[in-house]
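Tertiary structure, described
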Amino acid sequence: MTALIPRRVRSLASLAEALLTPHGMDRYLELVDPMLVRREIRGLVTAVRKQTPDSVTLTVKPSRAWPGFTAGQYVRLQVEIDGVRRTRCYSPCGSQYDGELEFTVKEQGLVSGHLNRALGAGSVVGLSTPDGTFTLPATRPERVLLISGGSGVTPVLAMARTLVDEAHTGEIVFLHYSNGPADALYRTELAELAARHPGFRVVHAYTHTRGGDLRGFFSPEHLERVAPWHRDAEAFVCGPKPLMDAVRDHLGERVHTEEFTPPALTFDTANAEGQVRFKRSGRECANSGKPLLEQAEEAGLSPEHGCRMGICFSCTQLKTAGRVRNAKTGEISGEEDEEIQLCISVPVGDVEIDA
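Residues numbered from 1 in each chain as written. Predicted model: local features only at pLDDT ≥ 70, side-chain atom pairs only at ≥ 80, totals over all residues. Heavy atoms only, no water.

**Here we look at the overall build of the protein**
Looking only at helices and strands, the protein has eight helices and 18 strands in total. For the protein, restricting intrachain contacts to residue pairs at least 6 apart in sequence, the fraction spanning at least 24 positions comes to 61%. A total of about 17800 Å² of accessible surface is found on the protein, and carbon and sulfur atoms cover 49% of it. (Helix = DSSP H or I, 4+ residues; strand = E, 2+ residues; numbered from the N terminus. Contact = heavy atoms within 4.5 Å. Areas by Shrake-Rupley, 256 points an atom, 1.4 Å probe, with all protein chains shown as cover.)

**Observations concerning the pattern of salt bridges**
Applying the stated criterion across every chain yields a total of 18 salt bridges. Its salt-bridge partner being K106, residue D54 comes within 2.4 Å of it at the nearest N-O pair. Taken together, the positions of D54 in the loop between strand 1 (41-49) and strand 2 (55-62) and K106 in strand 5 (residues 101-106) put the pair 52 residues apart, joining distant regions of the chain. Since its relative accessible area comes to 24%, D54 is described here as partly exposed. In this structure, the salt-bridge partner of R117 is E107, at a minimum N-O distance of 2.2 Å. (Salt bridge = Lys/Arg side-chain N within 4 Å of Asp/Glu carboxyl O. Buried < 20%, exposed > 50% of the residue type's maximum accessible area, 1.4 Å probe, protein only.)

**What to know about the environment of E171**
Along the chain, E171 falls in strand 8 (residues 171-178). Residues E171 and A227, spaced 56 residues apart in sequence, show a C-alpha to C-alpha distance of 9.5 Å. Ignoring sequence-local partners within four residues, the contact set of E171 consists of E142, R143, V144, G199 and W229. Side-chain polar atoms of E171 contact the side chain of W229, separated by 3.2 Å. (Polar contact = N/O pair within 3.5 Å; in protein donor to acceptor, adjacent residues only side chain to side chain.)

**A look at the sheet that holds strand 9 (residues 200-206)**
Across the sheet, six strands lie side by side as 10-9-8-7-11-12; this open sheet has parallel pairing. On the outer flanks of this sheet lie strand 10 (214-215) and strand 12 (255-257), each paired with one strand and no other. As paired elements, strand 7 (residues 143-149) and strand 8 share seven bridges and run parallel to each other. In the strand pairing of strand 8, I147 is matched with L175. (Pairing = 2+ DSSP bridges.)

**What about the nonpolar core?**
L146, M159, F174, L190, F200 and F236 are the most contacted members of the largest nonpolar core, which has 24 residues in total. Counting only elements with at least two residues in this core, the list comes to strand 7, helix 4 (153-165), strand 8, helix 5 (187-196), strand 9 and strand 11 (234-238). Once residues within four sequence positions are removed from consideration, L146 is found in contact with V156, M159, A160, I172, V173, F174, L175 and F236. Of all hydrophobic cores here, the second largest spans 21 residues; its members include V203, A227, V247 and L251. (Core = buried A, V, L, I, M, F, W, Y, C linked by side-chain atoms within 4.5 Å.)

**Observations regarding unusual backbone geometry**
Positive phi, normally seen in glycine, also occurs at D82, with a value near 55°. Mapping D82 onto the fold places it in the loop between strand 3 (75-81) and strand 4 (84-90). Note on D82: relative accessible area 79%, which makes it exposed. Phi is positive for Y186, which is not a glycine, with a value near 60°.

**Brief notes about the sheet that holds strand 1**
If you trace the six strands from one edge of the open sheet to the other, you get 4-3-6-1-2-5, paired in antiparallel fashion. This sheet does not close on itself; its edge strands, each paired only once, are strand 4 and strand 5. Across the sheet, the mean angle separating the axes of adjacent strands is 40° when strand polarity is ignored. Sheet topology places strand 1 next to strand 2; six bridges connect them, and they run antiparallel. Paired with L44 across the bridge in strand 2 is K61. Sheet strands touched by helix 3 (residues 110-117): strand 2, strand 3, strand 4 and strand 5. Its angle to strand 3, the strand with the most contacts, is close to 75°. (Axes fitted to C-alpha atoms, helices over the stretch in contact; angles between N-to-C directions.)

**Thoughts on the packing of aromatic side chains**
Under the criterion given, the structure shown has three aromatic pairs. Seen in terms of ring centroids, Y177 and F218 are 6.5 Å apart; in terms of plane orientation they differ by 70°. Their pairing is edge-to-face. Here F218 lies in the loop between strand 10 and helix 6 (220-226) and Y177 lies in strand 8, a separation of 41 residues in the sequence. You can call Y177 buried: its relative accessible area is 5%. (Phe/Tyr/Trp six-rings, centres within 6.5 Å; stacked < 30°, edge-to-face > 60°.)

**Notes on the side chain of K319**
Topologically, K319 is positioned in strand 15 (residues 316-326). Owing to a relative accessible area of 0%, K319 belongs among the buried residues under this scheme. Not counting chain neighbours up to four residues away, the residues in contact with K319 comprise V324, S333, G334, E335, E336, D337, E338, I340, V351, E352 and I353.

**Concerning the confidence of the model for the protein**
With 87% of its residues at a pLDDT of 70 or more, the protein has an overall mean of 88. Across residues 1-5, where pLDDT falls below 50, the model places three contacts with residues more than four positions away in sequence or in other chains. (pLDDT = per-residue confidence, 0-100.)

**Digging into helix 5**
For helix 5, the full list of buried residues reads E189, L190 and L193. End-on, the buried residues of helix 5 take up no more than an arc of 100°, which puts them together on one face. Those residues of helix 5 that are exposed and angled more than 90 degrees off the buried face are T188 and A195. Elements in contact with the buried residues of helix 5: strand 1, helix 4, strand 8 and strand 9. (Arc of directions from axis to C-beta.)

**Examining the pairing of strand 15**
Of the strand pairs in this sheet, strand 15 and strand 17 (residues 338-341) are connected by four bridges, and their pairing is antiparallel. Opposite L318, over in strand 17, you have E339 as the bridge partner. Note that strand 15 and strand 18 (residues 345-353) share seven bridges and pair antiparallel. Within strand 18, the residue paired with V324 across the bridge is P347. Looking at chain direction, strand 15 and strand 16 (residues 332-333) are connected through two bridges and run antiparallel. In the sheet register, R325 faces strand 16, and the bridge partner there is I332. Here strand 15 folds back onto strand 16, and the loop between the two strands holds five residues, one of which, G330, carries a positive phi near 80°.

Pasting the structure below:
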């Protein structure tokens, strides 16, 4: 019967039904065009391209609520997968002066897999305000050393593009590590930046194949070859932890990294009460007073997670009933059908999680 009703009539009926419910103005505007919302930030995917077989590059036009970002910061990007909103953090890799955002996402999890396989031009995603302190200083250093590994190229590429747009007068060396040429992101774009800026040099280091400007993992000798002035430079590094640790050990205080430090959290396990139920799996356990991520793992579940400190949003799940305390802020929330981060959410009495 539904198929016999014209699509326009069905759309009008859905709109009328929504208007009868108590939502804010953004909910009404969203029905007309998601990009019209005023308080929430949305992004329209305008282009999708593949640089490597296991990554995707998205060009996103933000809605008018977007405040802009500083090169090096990250944004929480939100998509809906099987009816559940999922949030992950990604760093824009374009210049901070661009009107559109660019994200390059390596396929390595639920959300990144969705972005790689299911998102196309015309899709709408949720965006947060930018966050993070991994940024260039207001007074730009005369000599800048940018080092990245793998998909860690994104925030430092934003820095490079920003410096070139500013016509930075100093020297810039961009040293990027990848397995080989097939995995080297942004080769063409980096070459174009070098062509635009006389003091910009790009160096590709291949860790597993020949053919790069350098071969092997980071070493002090690499720096001596590509930036003999590195002792007088400010270095900005993003990539795998071994790379960041190695650069930090060599350069010390002059290196800036996107560092995530675990907050000092305390948990009252002695006075915990209630039951924790994991709805989809049917698992149930007595509340131990620990974060829900730890309780889920102790119950034999393996929820997706990342930083375990409330930063990356990888462990976001739907709480269908009960109250939880945010271990970072102390705030208690009791809304039904509420998204929470398992790694920093502690049950306050009985709690049910859709996991």
